[in-house]
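# Descriptive structure summary
Listed below, chain by chain, are the residues.
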Amino acid sequence: MDVGHGVKPFVIKGLEVAPGTRRYVDLPLPQAFGHADLSMPVVVCHGRKPGPAVFVSAAIHGDEIIGTEIIRRLLEKLRLRRLRGTVVAVPVVNAYGFISQQRYLPDRRDLNRCFPGSQGGSLAGRVAHLFLEEIVARCDVGIDLHSGAIHRDNLAQIRADLDDPRVKQLAMAFGTPILLNSDVRDGSLREAVRSEGKPMLLFEGGEALRLDEASIRAGLQGCLNVLAELGVVAKRLRHGPESAVARGSRWLRAPSSGIIRSHVALGDRVREGQVLASIADPTGRNSSEALSDCDGIVIGRLNMAVVNEGDAIYHLGYFRSRKRAGEVAGNIEDFDAEIRDTEPGEEFPIV
Ligand SMILES: [Zn+2]
């Protein structure tokens, strides 16, 4: 066998992956109550040349399947002969939620609030512990892929601890037009990875239970760009406009209940006081308008025809100045045009 000089086998779950090979490993999960055996699928691509080990994970929230498709395409693109280091792909972390099309685990817990977990803890805690022991502990860097929740659509974006210069460098390399400097949540994978002193990016794009070609391409290009930045793959893909860090973000809530007609799309620039949506009850007697409370960009939105008063309807990212918001809106348009124009290779684009 053609093995790498000085590169050791990659060990996972007691199995050795030789340099220059790809191995499919199933990490056994606690059995489902209906007696079905479940496992967390892992694909290890171990290069013949030395380099960092990078995990790319998806569907920690079981209905956020866009990352699963991003990983499928990523695995098609990786050329083992050229790899410097290791890519550990985990296309479905929450296998329970994936098959039931649910965000949560069977114990109704959010896996992304249950890290670090423990071997003898709750079901969610056991899955979290397994992921930390078998994936995070064996890797140097991570990318975790998410989408909006059900009926919520996100503009492709990176959320990360941008005060850490190593994280910021990778986030800039990923290349989405907008980066959010977001605090880590208690119990999140990001918090657990950070506490091990390792950088991690969280990608958000698209909507739960749906695939959209632009978000998939943004995620795939970003993962390849980060792997190139780390030297794992040779060539960086196209450079888009430089990413802008949002100064903050907030959700705008529906001022009344009824049928909502949205006037703005994801990525649109909005101005303070602008009418973003009109809402009317079924009789038409009571109506209201949702007004933007800031000058910014629509980075997330609700995709529902009906809303209750108080529902979060738009996620608005804002910037240090109006001029900057305008520039970012232009960058988003350019990025979108470029990403849709990217040669998809062997892939049939999803329409
Ligand atoms: Zn998620």
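Up top is the structure these notes are about.
Residue positions within a chain follow its written sequence, with the count starting from 1. Totals for whole chains, interfaces and linings use every residue, but because this is a predicted model, local features are given only for residues with pLDDT of at least 70 and side-chain atom pairs only at 80 or more, for both listing and counting. Only hydrogens and water are set aside when side-chain values are computed; all heavy atoms of the structure are taken into account.

### A word on the side chain of Glu213
Applicable threshold: Numbering of helices and strands starts at the N terminus; helices are DSSP runs of H or I of at least 4 residues and strands are runs of E of at least 2. Whenever a nitrogen or oxygen atom comes within 3.5 Å of another N or O atom, the pair is scored as a polar contact, on the condition that within protein one atom can donate a hydrogen and the other can accept it, and that pairs from neighbouring residues in sequence are kept only if both atoms are in side chains. By definition in these notes, contact holds between two residues if any of their heavy atoms fall within 4.5 Å.
Residue position: Glu213 is located in helix α6 (residues 213–229). Polar side-chain contacts of Glu213 include one of 2.8 Å to the side chain of Arg217. There is a polar contact of 2.7 Å between the side chain of Glu213 and the backbone nitrogen of Ile350. Beyond its immediate sequence surroundings of up to four residues, Glu213 is in contact with Arg73, Pro349 and Ile350.

### What about the sheet that holds strand β15 (residues 275–280)?
Backbone-to-backbone hydrogen bonds join strands into a sheet, with any given pair of strands oriented parallel or antiparallel. Just so we agree on the cut-off: Two strands pair if DSSP finds at least two bridges between them.
Taken in spatial order, the four strands make up an open sheet running β16-β15-β13-β18, and their pairing is antiparallel. Two strands in the sheet have a free side with no partner beyond their single neighbour: β16 (287–291) and β18 (306–307). In this structure, strand β13 (residues 258–262) lies alongside β15, joined through four bridges in antiparallel fashion. Within the sheet, the bridge partner assigned to Ile260 lies in β15 and is Ile279.

### Regarding the packing of aromatic side chains
Quick note on the threshold: Here a Phe, Tyr or Trp ring, Trp counted by its six-membered ring, pairs with any other such ring whose centre lies within 6.5 Å, and the pair is stacked when the planes are under 30 degrees apart, edge-to-face when over 60, and tilted otherwise. Here's how the labels work: a residue is buried when its accessible area is under 20% of the maximum for its type, exposed when over 50%, partly exposed in between, all with a 1.4 Å probe on protein chains only. Criterion for a charge above a ring: Lys NZ or Arg CZ within 6 Å of the ring centre, and within 35 degrees of the ring normal.
Applying the stated rule across the entire model yields three aromatic pairs. Considering the side-chain rings of Phe115 and Phe131, the 6.4 Å spacing of their centres and the 75° angle between planes classify their relative orientation as edge-to-face. In this pair, Phe115 sits in the loop between α2 (95–100) and α3 (123–134) while Phe131 sits in helix α3, placing the two residues 16 residues apart along the sequence. Of the two residues examined, Phe115 and Phe131, each falls in the buried class. Among the aromatic residues, those joined into a ring-pair cluster are Phe55, Phe115 and Phe131. It is Arg152 that lies over the ring of Trp251; its NZ or CZ is 5.2 Å from the centre.

### What about the packing of helix α1 (residues 66–77) against α6?
Note the following rule: To define axes, lines are fitted to C-alpha atoms, for helices over the stretch in contact only, and angles between the resulting N-to-C directions are given on a 0 to 180 degree scale. These descriptions rest on fixed angle ranges, namely under 35 degrees for roughly parallel, over 145 for roughly antiparallel, 65 to 115 for roughly perpendicular, and the rest for oblique. Handedness of each helix crossing follows the sense of rotation of the near helix against the far helix: counterclockwise by less than a right angle gives left-handed, clockwise gives right-handed.
The contact between α1 and α6 brings their axes to 9 Å, and the two run at 50°. The orientation of α1 relative to α6 falls into the category oblique. Note that α1 runs across α6; the crossing there is right-handed. Residues Ile66, Glu69, Ile70, Arg73, Leu74 and Lys77 of α1 form the contact with α6, whose own contacting residues are Glu213, Ser215, Ile216, Arg217, Gly219, Leu220, Cys223, Leu224 and Leu227.

### Thoughts on unusual backbone geometry
The step from Phe115 to Pro116 runs through a cis peptide bond, and the omega angle for that step is 5°. For Pro116, the position within the fold is in the loop between α2 and α3. Although it is not a glycine, Lys13 adopts a positive phi angle of roughly 50°. Relative to the helices and strands, Lys13 resides in the loop between β1 (10–12) and β2 (15–17). Of note, the phi angle at His35 is positive, near 80°, even though the residue is not glycine. Here His35 lies in the loop between β3 (21–28) and β4 (39–46). Owing to a relative accessible area of 61%, His35 belongs among the exposed residues under this scheme.

### Quick notes on the nonpolar core
Most often, soluble globular proteins keep nonpolar side chains buried together rather than apart. Let me state the cut-off plainly: Residues belong to one nonpolar core when they are buried, are Ala, Val, Leu, Ile, Met, Phe, Trp, Tyr or Cys, and are joined through side-chain atoms within 4.5 Å.
If you look at the biggest cluster of nonpolar residues, it comprises 42 residues, and the most contacted ones within it are Leu78, Leu145 and Leu201. With nine residues, the single largest contributor to this core is α6. Setting aside its immediate chain neighbours within four residues, Leu201 contacts Gly142, Ile143, Asp144, Ile158, Arg159, Ala160, Val167, Leu170, Ala171, Phe174 and Val226. Formed by 37 residues, the second largest nonpolar core is a distinct cluster that contains Phe10, Val90, Leu105 and Met200.

### Brief notes about the coordination of the zinc ion
Test applied: Atoms are scored as donors when they are N, O or S and lie within 2.8 Å of the metal, with 3.2 Å used for Na, K and Ca; no water is included, so coordination may look incomplete. Every geometry call rests on angle ranges, with four donors termed tetrahedral when all angles are between 85 and 135 degrees, four termed square planar and six termed octahedral when opposite donors are over 155 degrees apart and all others are between 65 and 115, and everything else termed irregular.
The coordination sphere of the zinc ion, as far as protein atoms go, consists of His61 (ND1), Glu64 (OE), Glu64 (OE) and His146 (ND1), spread over 2.0 to 2.6 Å. Taken together, the four donor atoms coordinating the zinc ion span angles of 55 to 149° at the metal, a pattern that classifies the geometry as irregular.

### Things to note about helix α7 (residues 322–341)
We count it as follows: Multiplying one less than the number of residues by 1.5 Å gives the expected span of a helix.
Under the 1.5 Å per step criterion, the end-to-end length of α7 is 29 Å for 20 residues, consistent within 8% with the ideal 28 Å. The complete set of buried residues in α7 reads Arg324, Ala325, Val328, Ala329, Asn331, Ile332, Phe335, Glu338 and Ile339. Taken together, the buried residues of α7 touch β8 (152–160), β9 (178–181), α6, β11 (244–246), β14 (269–270) and β17 (296–302).

### As for the pattern of salt bridges
Put simply, the test is: Only one rule defines a salt bridge in this text: a Lys or Arg side-chain nitrogen within 4 Å of an Asp or Glu carboxyl oxygen.
The final tally for this structure, using the stated rule, is 19 salt bridges. For Glu69, the salt bridge is made with Arg73, and the minimal N-O distance between the two is 2.8 Å. Residue Glu69 and its partner Arg73 are both found in helix α1; the two are separated by four residues, about one turn of the helix. A salt bridge links Glu207 to Arg210, with the shortest nitrogen-to-oxygen separation between them at 3.5 Å. When its relative accessible area of 9% is taken as the criterion, Glu207 is described as buried. The class of Arg210 is exposed, set by a relative accessible area of 52%. In this structure, a network of salt bridges that share partners links the residues Glu69, Arg72, Arg73, Glu213 and Arg217.

### Let's talk about the environment of Asp140
The residue Asp140 is located in the loop between α3 and β7 (141–146) in this model. The sequence separation of Asp140 and Ala53 amounts to 87 residues, and the corresponding C-alpha distance is 5.4 Å. Setting aside residues up to four positions removed in sequence, Asp140 forms contacts with Pro52, Ala53, Lys198 and Pro199.

### Examining the side chain of Lys198
Residue position: Lys198 is located in the loop between α5 (189–195) and β10 (200–207). Among the residues examined, Lys198 registers a relative accessible area of 17% and is labelled buried. Other than its neighbours up to four places away in sequence, Lys198 contacts Val136, Ala137, Cys139, Asp140, Arg166 and Val193.

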